[in-house]
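Each chain is listed here by its residues.
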Amino acid sequence: MADIISCPSGLTGRIRGMRVREERVLADRKLAKSGGQVDELLSACWEEMQEAGPYAFEGGKVDWGQVLQGDRFYALLQVRVLTYGSEYAFGVPCQSAACRARIDWELDLTQLPVRVLSDASRAAFMAGNRFETTLPDAGTRVRFKLLTGEDERRLPQLQRAAPEKLLSSVLAYRVLDVDGVDARDKRRFLEDLTLRDADFLVDEFDRVDCGVDTTLEVECPECFMRQEVELPFDRGFFLPGQARTARRRERSTSSPA
């Protein structure tokens with residue numbers, strides 16, 4: 001089954017659902033380690049480009065490394081919908097330390113809110129992927145970029161290299177330059193930011209970007225606590241049958257004899 005989709009930036013084309021041969025991509029540990037699984041899946045399931053949106057592709061072929069993170073996830077979501085349908089069931093533990101019950105939840109993936117790329121953001125991205133804002137506490141202007149597929153591959157490596165400095169690593173990667181701050185001192189400047197400035201900067205990243213809102217509100221069936229969770233995006237997202245089998249096996253081994 002194939003369908004024509006228009007991504008949040010305007011990139012438009014025909015995609016199809018996954019076939020059996022795509023399972024090798026999901027099972028390829030080398031691709032998983034390098035972060036190349038998403039590119040391989042999208043390249044396999046994207047059949048034809050009809051509109052390039054803000055991208056300057058050569059030869060009419062999509063280079064997924066250049067594509068914005070929000071477009072990539074939206075396209076993956078549509079591949080999943082075409083493959084299995086729009087309903088997605090998953091389980092998460094209750095966040096209450098006194099409960100920790102399993103919450104089984106189901107949603108319609110086509111109902112997730114989508115943010116389109118604004119005209120201003122499109123122009124800034126096409127002019128070199130440079131966005132500008134002023135930090136409220138520091139009063140300093142900074143310039144930053146939106147994340148693309150190439151960045152998706154690099155960020156996990158940076159985060160693994162310094163897990164205790166996760167926020168500063170992400171900020172240092174995305175911030176291109178800071179007024180009055182030498183490039184060699186950029187990391188130190190960012191580590192000295194107030195948390196209010198850091199939160200503001202992260203909000204600015206989201207404000208000018210495009211994509212799918214994957215924050216969900218679920219309710220625990222035991223303690224009735226309502227809580228926010230992120231849409232699980234793991235192997236079970238693309239192979240739900242295997243995920244269900246694993247959950248049944250887990251329940252059977254944990255049940256009393």
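Residues numbered from 1 in each chain as written. Predicted model: local features only at pLDDT ≥ 70, side-chain atom pairs only at ≥ 80, totals over all residues. Heavy atoms only, no water.

For the protein chain, the name recorded in an unreviewed UniProt entry is Conserved uncharacterized protein, with Stigmatella aurantiaca as its organism.

(A) Summary view of a nonpolar patch on the surface. The grouping of Leu-167, Leu-195 and Val-202 at the surface amounts to a nonpolar patch, some 260 Å² of accessible area in total. Position of Leu-167 among the secondary structure elements: in helix H7 (residues 166–174). Under the relative-accessibility criterion, Leu-167 is labelled partly exposed at 40%. (Patch = residues over 30% accessible without salt bridge, like charges linked within 9 Å, V, L, I, M, F, W, Y side chains within 5 Å. Areas by Shrake-Rupley, 256 points an atom, 1.4 Å probe, with all protein chains shown as cover. Salt bridge = Lys/Arg side-chain N within 4 Å of Asp/Glu carboxyl O. Helix = DSSP H or I, 4+ residues; strand = E, 2+ residues; numbered from the N terminus. Buried < 20%, exposed > 50% of the residue type's maximum accessible area, 1.4 Å probe, protein only.)

(B) Spatial organisation of the nonpolar core. Among the nonpolar cores identified, the biggest contains 64 residues, and Leu-11, Trp-64, Leu-107, Leu-109, Leu-112, Leu-201 and Leu-231 are the most heavily contacted of them. Residues from two domains meet in this core; each of domain 1 (2–114 + 212–254) and domain 2 (142–206) gives at least three. Excluding anything up to four places from it in sequence, Leu-107 contacts Ser-86, Glu-87, Tyr-88, Phe-90, Leu-112, Leu-216 and Leu-231. (Core = buried A, V, L, I, M, F, W, Y, C linked by side-chain atoms within 4.5 Å. Domains from an automatic or database assignment. Contact = heavy atoms within 4.5 Å.)

(C) A look at helix H6 (residues 149–161). Those residues of H6 that fall on the buried side of the exposure criterion are Gly-149, Asp-151 and Leu-155. Lining the buried residues of H6 we find helix H4 (69–84) and H7.

(D) Seen up close, the packing of H7 against helix H9 (residues 195–208). Their axes nearest at 12 Å, the elements H7 and H9 cross at an angle of 50°. Comparing the axis directions of H7 and H9 gives the class oblique. In this structure, the crossing between H7 and H9 has a hand that is left-handed. On the side of H7, the interface is formed by Leu-167, Leu-171 and Arg-174, while H9 contributes Ala-198, Leu-201, Val-202 and Phe-205. In terms of residue class, the contact of H7 with H9 is built from six nonpolar, no polar and one charged. (Axes fitted to C-alpha atoms, helices over the stretch in contact; angles between N-to-C directions. Parallel < 35°, antiparallel > 145°, perpendicular 65-115°, else oblique. Left-handed = near helix turned anticlockwise from the far one by under 90°. Nonpolar A, V, L, I, M, F, W, Y, C, P; charged D, E, K, R; others polar.)

(E) The arrangement of the domain arrangement of the protein chain in detail. Partitioning the protein chain into domains gives domain 1 (2–114 + 212–254) and domain 2 (142–206). With centres defined by C-alpha atoms, the gap from domain 1 to domain 2 works out at 26 Å. For the pair domain 1 and domain 2, the summed buried area comes to about 820 Å², and 44% of that belongs to carbon and sulfur atoms. Sorting the residues of domain 1 by area buried against domain 2 places Gly-65, Leu-68 and Gln-69 first, and these three jointly supply 49% of that buried surface. Here domain 1 and domain 2 share two salt bridges between them. Linking domain 1 with domain 2 are six residue pairs in polar contact (both at pLDDT 80 or more), by the criterion used here. (Buried area = accessible area lost by both parts, 1.4 Å probe. Polar contact = N/O pair within 3.5 Å; in protein donor to acceptor, adjacent residues only side chain to side chain.)

(F) Structural view of the sheet that holds strand S2 (residues 12–16). Strand order in the open sheet formed by three strands is S1-S2-S3, with antiparallel pairing between adjacent strands. On the outer flanks of this sheet lie strand S1 (2–6) and strand S3 (46–51), each paired with one strand and no other. Each neighbouring strand pair of the sheet contributes to a mean axis angle of 25°, computed without reference to strand direction. In the sheet, S1 pairs with S2 via five bridges, with the strands oriented antiparallel. In the strand pairing of S2, Ile-4 is matched with Arg-14. (Pairing = 2+ DSSP bridges.)

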